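Residue-level listing of the chains:
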Amino acid sequence: MGVTYPDMNSLLEDSFSGEFRLEHFEIKPDNYRAIYRDQIPVGTYVVLRQSGQVVMSNTPMEKRTNDEFVENAHGHVLIGGLGIGLVLLAIQDNPEVESITVVEKNSEVLDIIQPQLKLNSKVRIVHADIFEYEPDMKYNTIWLDIWNTIDSDVYHEEMVPLMSKYRKHLVSKSIDPNRYINCWAKLNAKYDRPLV
């Protein structure tokens, strides 16, 4: 099944709140660093930044590193981190997805992004820290995507503990043999590999 993502360029307008800024940017043919090093094709994209650091964008790398989650999303879904809403919008109309709970720590992200998203009745957004959040149900699919940067320290100090915590909130394998839990870019973090 091919993954289809919404056109975030036309859905989202530039905005800011506190240290967060949402803005469109263009990769031009003479931007060799972006094209060759970062492998971002020429085009227009949207990016959410926190104090200048990229939180999330709709570049091909972001889409590629979220494909596995989008393809596996089913049943009751928990997402740690709203970002620009890219993966949320990609799964909300999937008939195999019954409900989606998004946990977002930063009120500024909610202020900027949530009003711009056309969400259906399956979606519930919770303003909370994913490290402290206590789910009130079991999930078939859990996706943790809260990191601006990744490395082996993030893997050991944050990803592993979060996976351990939320694995307890998965439905049992006997109920759903296809249950799914993962972190964005987990293997890249574990092995200190760059994202491209």
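Residues numbered from 1 in each chain as written. Predicted model: local features only at pLDDT ≥ 70, side-chain atom pairs only at ≥ 80, totals over all residues. Heavy atoms only, no water.

Visitor: Just to check I follow, could you spell out the packing of aromatic side chains for this structure?
Guide: Aromatic rings considered in pairs are described by the distance between their centres and by the relative angle of their planes. Across all of its chains, the model carries four aromatic pairs by this definition. Here Phe69 and Trp143 contribute two aromatic rings whose centre-to-centre distance is 5.2 Å and whose plane-to-plane angle is 15 degrees, an arrangement assigned as stacked. In this pair, Phe69 is assigned in helix H3 (residues 60-72) and Trp143 in strand S8 (residues 141-144), connecting sequence segments 74 residues apart. Seen in terms of ring centroids, Trp143 and Tyr180 are 6.5 Å apart; in terms of plane orientation they differ by 25 degrees. Their pairing is stacked. Taken together, the positions of Trp143 in strand S8 and Tyr180 in strand S9 (residues 180-183) put the pair 37 residues apart, joining distant regions of the chain. For the pair shown, Trp143 and Tyr180 are each scored as buried. (Phe/Tyr/Trp six-rings, centres within 6.5 Å; stacked < 30°, edge-to-face > 60°. Helix = DSSP H or I, 4+ residues; strand = E, 2+ residues; numbered from the N terminus. Buried < 20%, exposed > 50% of the residue type's maximum accessible area, 1.4 Å probe, protein only.)

Visitor: Could you clarify how one ought to interpret H3 in this entry?
Guide: Every α-helical turn comprises 3.6 residues, leaving residues that sit three or four positions apart pointing alike. For H3, spanning 13 residues, the distance from its first C-alpha to its last is 19 Å, which sits close to the expected 18 Å at 1.5 Å a residue. Where H3 bends most, at Asn66, the angle is about 45 degrees. Along H3, the positions that sit buried rather than exposed are Met61, Glu62, Thr65, Asn66, Phe69 and Val70. Tucked into the core, H3 has its buried residues touching strand S4 (53-57), strand S5 (75-80), helix H4 (86-91), S8 and S9. (Expected span 1.5 Å × (residues − 1). Bend = angle between axes of the 7 residues up to and from the residue. Contact = heavy atoms within 4.5 Å.)

Visitor: Would you mind going over the nonpolar core with me for this structure?
Guide: The tendency in soluble globular proteins is for nonpolar side chains to be buried as a group. Ranked by internal contacts, the top residues of the largest apolar core, which has 58 residues, are Phe69 and Ile84. If near-sequence neighbours (up to four positions away) are discounted, Ile84 is found in contact with Met8, Leu12, Leu22, Val46, Leu48, Met56, Ser57, Asn58, Ile113 and Leu117. (Core = buried A, V, L, I, M, F, W, Y, C linked by side-chain atoms within 4.5 Å.)

Visitor: How should I be thinking about unusual backbone geometry in this particular structure?
Guide: Only a minority of non-glycine residues have a phi that is not negative, and only a minority of peptide bonds are not trans. Although it is not a glycine, Ala185 sits at a positive phi angle of roughly 55 degrees. Of note, Ala185 is situated in the loop between S9 and helix H7 (186-190). Here the phi dihedral of Asp192 falls at roughly 50 degrees; this positive angle occurs in a residue that is not glycine. Note on placement: Asp192 falls in the segment after H7. Take Asp192: its relative accessible area is 46%, and that puts it in the partly exposed class.

Visitor: Please explain the sheet that holds S5 as it appears in this structure.
Guide: For sheets, the rule is that strands pair by backbone hydrogen bonds, running either parallel or antiparallel. What the five strands build is an open sheet, ordered S7-S6-S5-S8-S9; its pairing is parallel. Both outer strands of the open sheet, strand S7 (123-127) and S9, are each paired with one neighbouring strand and no more. Direction aside, neighbouring strands of the sheet carry axes that sit 10 degrees apart on average. The sheet contact formed by strand S6 (residues 97-104) and S7 spans five bridges and is parallel. Following the sheet pairing, Val103 is matched in S7 by Val126. Strands in contact with helix H6 (residues 152-167) are S5, S8 and S9; relative to S9, the strand with the most contacts, it is inclined by about 160 degrees. (Pairing = 2+ DSSP bridges. Axes fitted to C-alpha atoms, helices over the stretch in contact; angles between N-to-C directions.)

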